[in-house]
Amino acid sequence: MREIQFREALREALNEEMRKDEKIFVMGEEVAEYNGAYKVTQGMLDEFGAKRVIDTPIAELGFAGIATGAAMNGLRPVVEFMTFNFSLVAIDQVINAAAKIYSMSGGQFSVPIVFRGPTGNAGQLGAQHSQNFENWYANCPGLKVVVPSTPYEAKGLLKQSIIDPDPVIFMESEVMYGDKGEVPEEEYYIEIGKANVVKEGTDVTIVTFGKMLSRVVNPAVEELTKEGINAEVIDLRTVRPIDYDTIINSVKKTNRLVVVEEAWPLGSIATEIAFKVQKDAFDYLDAPVIRVVSADVPLPYAPTLIKEALPNAERVVKAVKSVLYVEK
């Protein structure tokens with residue numbers, strides 16, 4: 001094992017798969033000459049050349065469409081959106097083309113494509129650059145949606161996404177690119193659709209994914225542990241498909257559930273999980289499911305308001321105590 005940054009883990013995944021398969025190529029704004037807006041593609045132009053590491057104009061709709069057509073014709077594009085906020089410009093190609101071609105062609109065309117880039121807030125970037133669309137894309141049949149939480153997860157899940165025969169939305173947190181974590185020397189892949197039990201526990205199940213694990217849930221669990229509360233923590237890894245079995249089995253053991261997500265509350269992944277648990281594990285619940293999500297407003301710019309709007313460890317601790325009926 002060695003310790004590398006989140007961005008390096010992504011770069012290794014891209015490099016390893018591109019060395020194996022000449023049909024894989026990367027395209028997006030500033031991915032080549034500038035080495036990537038977040039330096040994920042650093043050095044790749046020198047190794048693979050301008051035909052496989054392609055700088056695009058500021059035209060997401062155009063290059064998402066080109067990539068989708070390329071995938072239909074046997075290539076394997078990896079499209080980088082500088083931020084998933086900009087993917088809204090290309091969402092017609094993602095939703096109405098890439099996600100539906102296999103079904104609408106009766107299986108004649110598969111679309112092996114990865115759309116990847118940063119998601120979520122990164123501080124004072126304004127409401128238009130601070131949004132979470134994981135639940136939006138997860139709502140669309142034909143797509144797989146992956147949200148890694150550590151460098152280890154990022155590398156293994158991206159490698160699996162690149163070789164997947166279907167369109168994959170691969171969403172990374174903008175504030176995590178510099179995070180360090182242990183990654184094996186040997187090659188590995190992580191199965192899409194299989195959650196990870198990060199910590200086993202007996203008192204309450206906490207389900208989360210992406211940045212929320214390291215920034216919110218882990219600090220909350222440290223505090224809960226000090227107070228004698230033994231939480232089980234599940235990292236979803238992917239939000240389409242969702243590993244319901246792992247969640248249900250955990251709730252059957254702990255009898256309580258808190259779901260932590262950075263998105264807005266209405267139609268969130270947390271809402272879907274709450275529905276599924278009450279449907280399939282209702283008799284095991286000893287308390288209502290609680291969601292810890294962002295405020296139902298465009299993210300403010302003022303730091304004080306940002307702090308109030310976003311999930312934090314204090315809110316998670318409060319939610320856990322609430323389902324345990326020990327809230328002061």
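See the structure shown above.
Summarised in this report is the structure supplied together with it. Remember, predicted model here, so these are calculated numbers, not experimental data. (Residues numbered from 1 in each chain as written. Predicted model: local features only at pLDDT ≥ 70, side-chain atom pairs only at ≥ 80, totals over all residues. Heavy atoms only, no water.)

Attention now goes to the environment of T83. Within the fold, T83 resides in the loop between β4 (76–80) and α4 (91–98). T83 sits in the buried class, given a relative accessible area of 6%. In this structure, the C-alpha to C-alpha distance between T83 and V258, residues 175 residues apart in sequence, is 28 Å. (Helix = DSSP H or I, 4+ residues; strand = E, 2+ residues; numbered from the N terminus. Buried < 20%, exposed > 50% of the residue type's maximum accessible area, 1.4 Å probe, protein only.)

This next bit is on the packing of helix α1 (residues 6–20) against helix α7 (residues 151–163). At a closest axis distance of 8 Å, the pairing of α1 and α7 adopts a crossing angle of 30°. Here α1 is positioned roughly parallel relative to α7, judged by the angle of their axes. Crossing of α1 over α7 shows right-handed handedness. In contact with F6, A9, L10, E12, A13, L14, E16, E17 and K20 of α1, α7 contributes P151, A154, K155, L158, K159, I162 and I163. Split into classes, the residues belonging to the contact of α1 with α7 amount to 10 nonpolar, no polar and 6 charged. (Axes fitted to C-alpha atoms, helices over the stretch in contact; angles between N-to-C directions. Parallel < 35°, antiparallel > 145°, perpendicular 65-115°, else oblique. Left-handed = near helix turned anticlockwise from the far one by under 90°. Contact = heavy atoms within 4.5 Å. Nonpolar A, V, L, I, M, F, W, Y, C, P; charged D, E, K, R; others polar.)

Attention shifts here to the sheet that holds strand β6 (residues 144–146). Strands sit in the order β3-β2-β4-β5-β7-β6-β12 across an open sheet of 7 strands; the sheet is mixed. Of all strands in the sheet, those with a lone pairing partner are β3 (53–55) and β12 (238–240), marking the two edges. Within the sheet, the average angular offset between the axes of one strand and its neighbour, ignoring direction, is 20°. Here 3 bridges tie β4 to strand β5 (residues 114–119), and the two strands are oriented parallel to one another. Note that in β5 the partner of E80 across the bridge is R116. (Pairing = 2+ DSSP bridges.)

What follows deals with the packing of aromatic side chains. Inspection of the entire model under this criterion finds 8 aromatic pairs. Ring centres of F81 and F84 lie 5.6 Å apart, and the angle between their planes is 70°; on these two criteria the pair is classed as edge-to-face. Where F84 meets Y137, the ring centres are 6.0 Å apart and the plane angle is 70°; that geometry is what we call edge-to-face. In this pair, F84 is assigned in the loop between β4 and α4 and Y137 in helix α6 (residues 134–138), connecting sequence segments 53 residues apart. Residue F84 is classed as buried on the basis of its relative accessible area of 1%. Look at Y137 and you get buried, because its relative accessible area is 1%. (Phe/Tyr/Trp six-rings, centres within 6.5 Å; stacked < 30°, edge-to-face > 60°.)

Strand order in the open sheet made by the 5 strands is β9-β11-β10-β13-β14, with mixed pairing throughout. Strands at the two margins of the open sheet, each flanked by one partner only, are β9 (196–199) and β14 (290–292). With direction set aside, neighbouring strand axes in the sheet form an average angle of 25°. Pairing between strand β13 (residues 257–260) and β14: 3 bridges, direction parallel.

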